[in-house]
There are 4 protein chains.
Amino acid sequence: MHRGNRHGRSEEARLSVLEAADDLLVEKGFAQLTIEGIAQRAGVAKQTIYRWWSSKTEILLDAFLSDAAEDLNPRGNAAPDDVATNLRRLAWFLTRSDAGAVFRALMAEAQHDPALAARLRTEYLDKQKERAGFTDGALFDRLVGPIYYRALVTGEEITDRFIDDLVTATFPPASRA
Amino acid sequence: MHRGNRHGRSEEARLSVLEAADDLLVEKGFAQLTIEGIAQRAGVAKQTIYRWWSSKTEILLDAFLSDAAEDLNPRGNAAPDDVATNLRRLAWFLTRSDAGAVFRALMAEAQHDPALAARLRTEYLDKQKERAGFTDGALFDRLVGPIYYRALVTGEEITDRFIDDLVTATFPPASRA
Amino acid sequence: MHRGNRHGRSEEARLSVLEAADDLLVEKGFAQLTIEGIAQRAGVAKQTIYRWWSSKTEILLDAFLSDAAEDLNPRGNAAPDDVATNLRRLAWFLTRSDAGAVFRALMAEAQHDPALAARLRTEYLDKQKERAGFTDGALFDRLVGPIYYRALVTGEEITDRFIDDLVTATFPPASRA
Amino acid sequence: MHRGNRHGRSEEARLSVLEAADDLLVEKGFAQLTIEGIAQRAGVAKQTIYRWWSSKTEILLDAFLSDAAEDLNPRGNAAPDDVATNLRRLAWFLTRSDAGAVFRALMAEAQHDPALAARLRTEYLDKQKERAGFTDGALFDRLVGPIYYRALVTGEEITDRFIDDLVTATFPPASRA
DNA sequence: GGCTAACCGAGACGGTACGTCCAGTCTTCGT
DNA sequence: ACGAAGACTGGACGTACCGTCTCGGTTAGCC
């Protein structure tokens, strides 16, 4: 593995930064996450971080997009059973996974960082919607909205029952026949 | 109003801190909001702030709870028409009002501050649900979840059409008769 | 001893900074002397240093002027015997004392720092000349110049013989009678 | 001129480094002179500098010795008239020439760099003394010392009058006859 | 005339210190 | 007793250079 030459950046440094950022976020939380801490944990000079990223959120976004997106690939289609399964996966992702912790931190920062908000939407949320196979955006929002609401806002547990009721109410049995 | 006295805290100082915090949040965003900045704008010593609040989020929470909660009082009851009206008010609050900006910032911080999250829930969200007159929490979440989702996550516009469809889907006409 | 209050600066902090700077200069030399190192050795925050001094040379000048000037008070008058004694003291100061090490460092910096050069002249050199009781500046320079030259430039030892010859040549015996 | 060969270093690179160092010293002063700056100005890679010089002072010394020494060749011998002329040339060199600026910077660094001090003495000062034709070192020092003193220490102007008095005092008319 | 060694430029790397900013604590004075 | 003022320790910020390194390109001189 090369480190510092005219071919450009060191992949080794890049990966250890992303991993360190991920780990430290989960360990100490966003507020206690510092560039200096990441550099130290990654065994990398601060300047190397500033050369390639402009802020800690950008590091997290990078880490999130590269190692988390695929975990979340919805499968199946918009049929109710598949929908329920995918919503359960979404709930697990948002509330239980490490990548979800990173996502919550990014979502939080996006509240006062429009550029980050835009990147999160185009590079993650929009792709989620596409992969889920929904043509009706409002319908999609009525399904995932309550999940995000509990995960990000109330913190209330997202039970299977909650998801089943949500799917049933959105696709009433009467309309299935 | 008294300043430097033996009669307890200065109401004048308290109000000018809350106002300064509110203003600076809207002007410069959460990240650029500092205790020192608030103290300077409010014409108050830093120590005075630390004596009564423990962090900038607590100042914001104080400001939010005292001057924004009442704006949001739902009216009417859980009947569909009132529900739609209240959801429209909620959407306006979250996306258009200054208090909404404070709320988004607080929500963001709550992602990595469990104490703040708890206070936001007990002192704001729970009361909202109560005042809205919903006995079924899951039903309430299916209604407001999509609103919060668009306001906090996707940033997509919350149109009247979106709200009407949401209400209609949640209370299908068939079930009204 | 007070530390940080509205009466102004902490004398304790001031003195420990000056002492730390002096010590570190002698121990490690000017190039290895850093503000961070001084702060650490003095048990003081970097900001406290930057609040009162603008550079490491200013700290050294402060230390030099306060603790070294009096050591050098010339005594007697411009009579040859007193002159020789005072020149010996000057030679010892420049080449052997800790304060002399600080002075050499300051002289060095003054080569590319006109403000420092000016302060050194007005606050130290001029006073030296005055205290020595010389009315003829050129005469004074012919006496001390060779001492400084050996101390700062050639590093050659300044022997008693060298000083005696210097005084004899400057005040020829013929002129004494 | 070649770049990339197996016959040793590029004269082109060497000269442009020396010139860049000289120029930058005069322009920005010793403290602001950096290896990176020299490399950039000279259009040369940093590594090329580190391959041939070990520090910025070594570059300056190289530049100084190669382009300044000859300017200073004393002429004539130790006779009073020649001496005065040579002292005037020395004063001009130290206070007015670009090479003098480099020399002052080197002298300054030599205060805390014994190796540099040694090289300056053997490769410049000793040769000066030899070329001046003085057998009595102390006598030489009594002549040049006051010049260096004013140039390096007090910054006071070195007038023709000052030099004439210096020579007269050192070689009293009575002793000439 | 292709090979190859020596030197070149470029520039990324791990580090250290810079000078600044803000956090949170403390002490004193004035009201 | 409280508020204003402001100095203090502490620590992260983002920047500038340090000195080291690896790489690809150029150019002799040799086979």
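In case you missed it, the structure is sitting above this.
Residues numbered from 1 in each chain as written. Chains lettered and ligands numbered in written order. Predicted model: local features only at pLDDT ≥ 70, side-chain atom pairs only at ≥ 80, totals over all residues. Heavy atoms only, no water.

Enquirer: Can you break down the overall build of chain A residue by residue, with the values?
Expert: When you go through chain A residue by residue, the secondary structure sums to nine helices and zero strands. Counting helices and strands in the order they occur from the N terminus, chain A gives α-α-α-α-α-α-α-α-α. A total of 177 residues make up chain A; the buried ones form 49% of that total. Counting only contacts in chain A whose residues sit at least 6 apart along the sequence, the fraction spanning at least 24 positions is 58%. Counting only carbon and sulfur atoms, one obtains 48% of the accessible surface of chain A, whose full area is about 8900 Å². (Helix = DSSP H or I, 4+ residues; strand = E, 2+ residues; numbered from the N terminus. Buried < 20%, exposed > 50% of the residue type's maximum accessible area, 1.4 Å probe, protein only. Contact = heavy atoms within 4.5 Å. Areas by Shrake-Rupley, 256 points an atom, 1.4 Å probe, with all protein chains shown as cover.)

Enquirer: Describe the interface of chain B and chain A, naming the residues involved and giving the relevant values.
Expert: Taken residue by residue, the interface counts 30 residues in chain B and 30 residues in chain A. Both sides of the chain B and chain A interface together cover about 2700 Å² of buried area, and 62% of this is carbon and sulfur. Here chain B and chain A share four salt bridges between them. D141 of chain B is the partner of R150 of chain A in a salt bridge, and the nearest nitrogen-oxygen pair spans 2.5 Å. At the junction of chain B and chain A, the tally comes to eight residue pairs in polar contact (both at pLDDT 80 or more). (Buried area = accessible area lost by both parts, 1.4 Å probe. Salt bridge = Lys/Arg side-chain N within 4 Å of Asp/Glu carboxyl O. Polar contact = N/O pair within 3.5 Å; in protein donor to acceptor, adjacent residues only side chain to side chain.)

Enquirer: If you had to explain the interface of chain D and chain C to someone new, which residues and values would you point to?
Expert: Taken together, the contacts link 30 residues of chain D with 30 residues of chain C. Summing both sides of the interface, chain D and chain C together bury roughly 2700 Å²; the carbon and sulfur share of this comes to 62%. Sorting the residues of chain D by area buried against chain C places R142, Y149 and V153 of chain D first, and these three jointly supply 24% of that buried surface. Linking chain D with chain C are four salt bridges. The partner of K129 of chain C in a salt bridge is E156 of chain D, and the shortest N-O contact between them spans 3.9 Å. Across the contact surface, chain D and chain C share eight residue pairs in polar contact (both at pLDDT 80 or more). Counting residues per element, the ones that place at least two in the side of chain D that touches chain C are α6 (98-110), α7 (114-132), α8 (137-154) and α9 (160-170) of chain D.

Enquirer: Before we move on, can you summarise the relation of the copies chain B and chain A with the specific residues and values?
Expert: In screw terms, the move from chain B to chain A is a rotation of 179° and a rise of 0.0 Å along the axis, fitting with an RMSD of 0.2 Å. Viewed as a symmetry operation, the transformation between the two copies matches a two-fold axis. Relative to the rotation axis, the closest C-alpha in chain B is found at A108 of chain B, a distance of 2.0 Å. When you check the interface residues of chain B against chain A, 100% turn up at the interface there too, and the contact is symmetric in its surfaces. (Least-squares fit on C-alpha atoms with pLDDT ≥ 70 in both.)

Enquirer: Describe the packing of helix α5 (residues 80-96) of chain D against α9 of chain D, naming the residues involved and giving the relevant values.
Expert: Residues and elements named next belong to chain D. Close contact between α5 and α9 brings their axes to 10 Å; oriented N to C, the two are set at 140°. With respect to each other, α5 and α9 are oriented oblique. Note on packing geometry: the crossing formed by α5 with α9 is right-handed. Here α5 contributes P80, V83, A84, L87, R88 and A91 to the contact with α9, which in turn contributes D160, I163, D164, L166 and V167. A breakdown of the residues in the contact of α5 with α9 according to their chemical character gives eight nonpolar, no polar and three charged. (Axes fitted to C-alpha atoms, helices over the stretch in contact; angles between N-to-C directions. Parallel < 35°, antiparallel > 145°, perpendicular 65-115°, else oblique. Left-handed = near helix turned anticlockwise from the far one by under 90°. Nonpolar A, V, L, I, M, F, W, Y, C, P; charged D, E, K, R; others polar.)

Enquirer: A description of the relation of the copies chain D and chain C should follow, citing residues and the corresponding values.
Expert: In screw terms, the move from chain D to chain C is a rotation of 179° and a rise of 0.0 Å along the axis, fitting with an RMSD of 0.2 Å. Looking at the interface residues of chain D, 100% of them are also at the interface in chain C, so both copies use one shared face.

Enquirer: Could you give an account of the environment of S54 of chain B, naming the residues involved and the relevant values?
Expert: Residue placement: S54 of chain B occurs in the loop between α3 (46-52) and α4 (56-67). Of note is the side chain of S54 of chain B, whose polar atom sits 2.5 Å from the side chain of E58 of chain B.

Enquirer: Break down the pattern of salt bridges for me, with residues and values.
Expert: Counted according to the given criterion, the structure contains 40 salt bridges over all chains. For E27 of chain B, the salt bridge identified is with R41 of chain B, shortest N-O distance 2.9 Å. Highlighted residues: E27 of chain B in helix α1 (residues 11-28) and R41 of chain B in helix α2 (residues 35-42), separated in sequence by 14 residues. For E27 of chain B, a relative accessible area of 51% translates into the label exposed. Salt bridges sharing common partners tie together K129 and D141 of chain A together with R150 and E156 of chain B.

Enquirer: Can you explain the packing of aromatic side chains? Please cite residues and give values.
Expert: Throughout the structure, instances matching the rule amount to 36 aromatic pairs over all chains. The interplanar angle of 35° and the centroid separation of 5.6 Å between the aromatic rings of F64 of chain C and F103 of chain C together place this pair among those described as tilted. With F64 of chain C in helix α4 (residues 56-67) and F103 of chain C in helix α6 (residues 98-110), the pair connects residues that are 39 residues apart, well separated along the chain. Comparing F64 of chain C with F103 of chain C shows no difference in burial state: the two are buried. Each member of the aromatic cluster is reached from another via a ring pair, and the members are F64, F93, F103, Y124 and Y148 of chain A together with Y149 of chain B. Over the ring of W53 of chain D we find R9 of chain D; its NZ or CZ atom is 5.0 Å from the centre of that ring. (Phe/Tyr/Trp six-rings, centres within 6.5 Å; stacked < 30°, edge-to-face > 60°. Lys NZ or Arg CZ within 6 Å of the ring centre and 35° of its normal.)

Enquirer: Help me get a handle on the packing of helix α8 (residues 137-154) of chain C against helix α9 (residues 160-170) of chain C, residues and values and all.
Expert: All names here are of chain C. Relative to each other, α8 and α9 sit at 160°, their axes nearing to 10 Å. The orientation of α8 with respect to α9, classified from their angle, is roughly antiparallel. Where α8 crosses over α9, the handedness of that crossing is right-handed. Contacts between α8 and α9 involve L139, R142, L143, P146, I147 and R150 from the former and F162, I163, L166 and T170 from the latter. When the residues that make up the contact of α8 with α9 are grouped by side-chain class, the tally is seven nonpolar, one polar and two charged.

Enquirer: Which residues make up α5 of chain D, and what are the values?
Expert: Residue and element names in this part refer to chain D. Between its first and last C-alpha atoms α5 spans 24 Å; for 17 residues at 1.5 Å apiece the expected length is 24 Å, and the two agree. For α5, the complete set of buried residues consists of V83, A84, N86, L87, L90, A91, F93 and L94. Tucked inside the fold, the buried residues of α5 contact α4 (56-67), α6, α7, α8 and α9. (Expected span 1.5 Å × (residues − 1).)

Enquirer: So what about α6 of chain D? Which residues, and what values?
Expert: It helps to recall that an α-helix has 3.6 residues per turn; residues three or four apart then point in one direction. End to end, α6 of chain D covers 18 Å across 13 residues, agreeing with the expected 18 Å (1.5 Å per residue, within 8%). Turning to α6 of chain D, its buried residues number three or more, namely A99, G100, V102, F103, R104, A105, L106, M107, A108, E109 and A110 of chain D.

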